[in-house]
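Report on the structure
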Amino acid sequence: MAELKVKLGSDSYDIHIGTNWISELANQFTQMKFSSNALIISDSNVAPLYSNKIAAVLNSVGFSTEHYSIDPGEQSKSATDAMDIYTKAIESKLDRKSPIVALGGGVVGDLAGFIAATYLRGVPFIQIPTTLLAQVDSSVGGKVAINHPLGKNLIGAFYQPELVFIDTLFLDTLPERELYTGLAEVLKYGVISDCDFFDYLRQNSNDILMKRPETIIKIIHRSCQIKADIVSTDERETGLRAILNFGHTIGHAIEAYTNFEKYNHGEAVAIGMHGAALISYHMGLCSAEVVEKICHCITKFHLPLKAAHCPADKILPLLVRDKKVINGKLNWVLIKDLGQVTIVNNVPDAIIAAALNEIT
Ligand code: NAD
Ligand code: GLY
């Protein structure tokens, strides 16, 4: 079992990482000053597998549990689903100290976190991430959101959980494609801040793909550590935190163009990382060898390098809808070397277009 801390003053919290240790939740819950009725939000893939197990542990230490299950998928991160969950929370008489528990991937985590941030102006929030992507990224850092028909994650808040509880056991039932998706974000951490970790991923890709327990724990731990350090420095993304968006500018545009149906988040980010690497190379910031190494890892992890049937001229206008556009300027996270990135807001249009042509 490993423990990390996200240091945010009175909003600090722990990330606990272990294997086959759901029962430990009993200890965690008894240490918190919660009201005794909890709402577990999950989706209809995850709930039948794990909801009752989590509920049994909470029941054993005196909590009653209410359950709400959403349809799996991005379309459930909606105002309609949020409204239904508020109704459930009100009808269940959840009070200001009643914990909302997110049991699922990033979709459940983002939506449940949004409910926790807004119901009664904020109630305790617990993250129990069940996808690799959620375990290494979305459950840490407090970005919670729902989507608007005109764009993803446009309605949201920074709202930190009180605990992130990771059990690698959940990954046993995760479809392979979702494992690869999470590996895209893991790879991102190596590229943006730790070249040794990047080398570790390159050298141990087979063990990672086979989910060898010690390698899985190591990559989750190192990823969470990097994210926790960045979030502790810059919770509200006024500077450093923006580097976590490496690969996401193009990634989000590809997700939007394909209606969130063809590529999942990690796949779109993988294509976006390839694009950002090419832009970095064309800007003279990094070598061709760096681009080649990143492409090699993306491919090794069964992730796409290119978005077929996404014409560059259709992706280009979607880039400027990115949330990170300030005063019309697009901030690109670009690579100087493996483990080292920089933010650039004056990439010439011709370089962006050339990179998009190479990846579509
Ligand atoms: P997801 O939540 O859609 O889960 C992927 C699929 O795996 C779903 O079908 C789900 O039902 C299934 N699943 C989850 N856990 C399972 C398990 N243990 N066994 C079997 N099936 C399981 O997708 P995701 O990739 O986890 O999250 C993507 C979302 O996360 C996007 O909405 C993205 O915007 C968001 N996100 C948020 C942040 C953040 O900082 N808040 C960061 C990255 C991504
Ligand atoms: N996933 C980007 C962030 O948490 O800032």
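That block above? That's the structure.
Residues numbered from 1 in each chain as written. Chains lettered and ligands numbered in written order. Predicted model: local features only at pLDDT ≥ 70, side-chain atom pairs only at ≥ 80, totals over all residues. Heavy atoms only, no water.

Some details on the sheet that holds strand β6 (residues 125-129)
Whenever strands of a sheet pair, they do so through backbone hydrogen bonds, lying parallel or antiparallel. An order of β1-β2-β9-β6-β5-β3-β4 is seen for the seven strands of this open sheet, with the pairing classed as mixed. Each edge of the sheet is formed by a strand with only one pairing partner; in this case those strands are β1 (2-6) and β4 (64-70). Strand-to-strand twist across the sheet, computed as the mean angle between neighbouring axes with direction ignored, equals 20°. Pairing of strand β3 (residues 37-43) with strand β5 (residues 100-104), which is carried by three bridges, proceeds in the parallel orientation. From the neighbouring strand, I40 faces β5, where its bridge partner is V101. Where helix α2 (residues 47-60) meets the sheet, it contacts β3, β4, β5 and β6, and its direction lies at approximately 165° from that of β3. Of the strands in this sheet, β1, β2 (13-18) and β9 (163-167) touch helix α9 (residues 213-233), which is tilted by about 15° from β1. (Pairing = 2+ DSSP bridges. Helix = DSSP H or I, 4+ residues; strand = E, 2+ residues; numbered from the N terminus. Axes fitted to C-alpha atoms, helices over the stretch in contact; angles between N-to-C directions. Contact = heavy atoms within 4.5 Å.)

So, the site of ligand 1
Residues in close proximity to ligand 1 total 27 residues, the closest being D43, E74, G106, T130 and T131. In this structure, N45 approaches ligand 1 through a side-chain N or O atom, which is 2.9 Å from an oxygen atom. Within the backbone of K143, a nitrogen or oxygen atom sits 2.8 Å from a nitrogen atom of ligand 1. In the complex, 90% of the free accessible area of ligand 1, which totals 880 Å², lies under the protein chains. Elements that contribute at least two residues to the shell around ligand 1 include exactly α2, α4 (106-118), α5 (132-138) and β8 (151-158). Looking at the shell around ligand 1 residue by residue, the classes come out as nine nonpolar, nine polar and nine charged. (Near = heavy atom within 4 Å. Polar contact = N/O pair within 3.5 Å; in protein donor to acceptor, adjacent residues only side chain to side chain. Areas by Shrake-Rupley, 256 points an atom, 1.4 Å probe, with all protein chains shown as cover. Nonpolar A, V, L, I, M, F, W, Y, C, P; charged D, E, K, R; others polar.)

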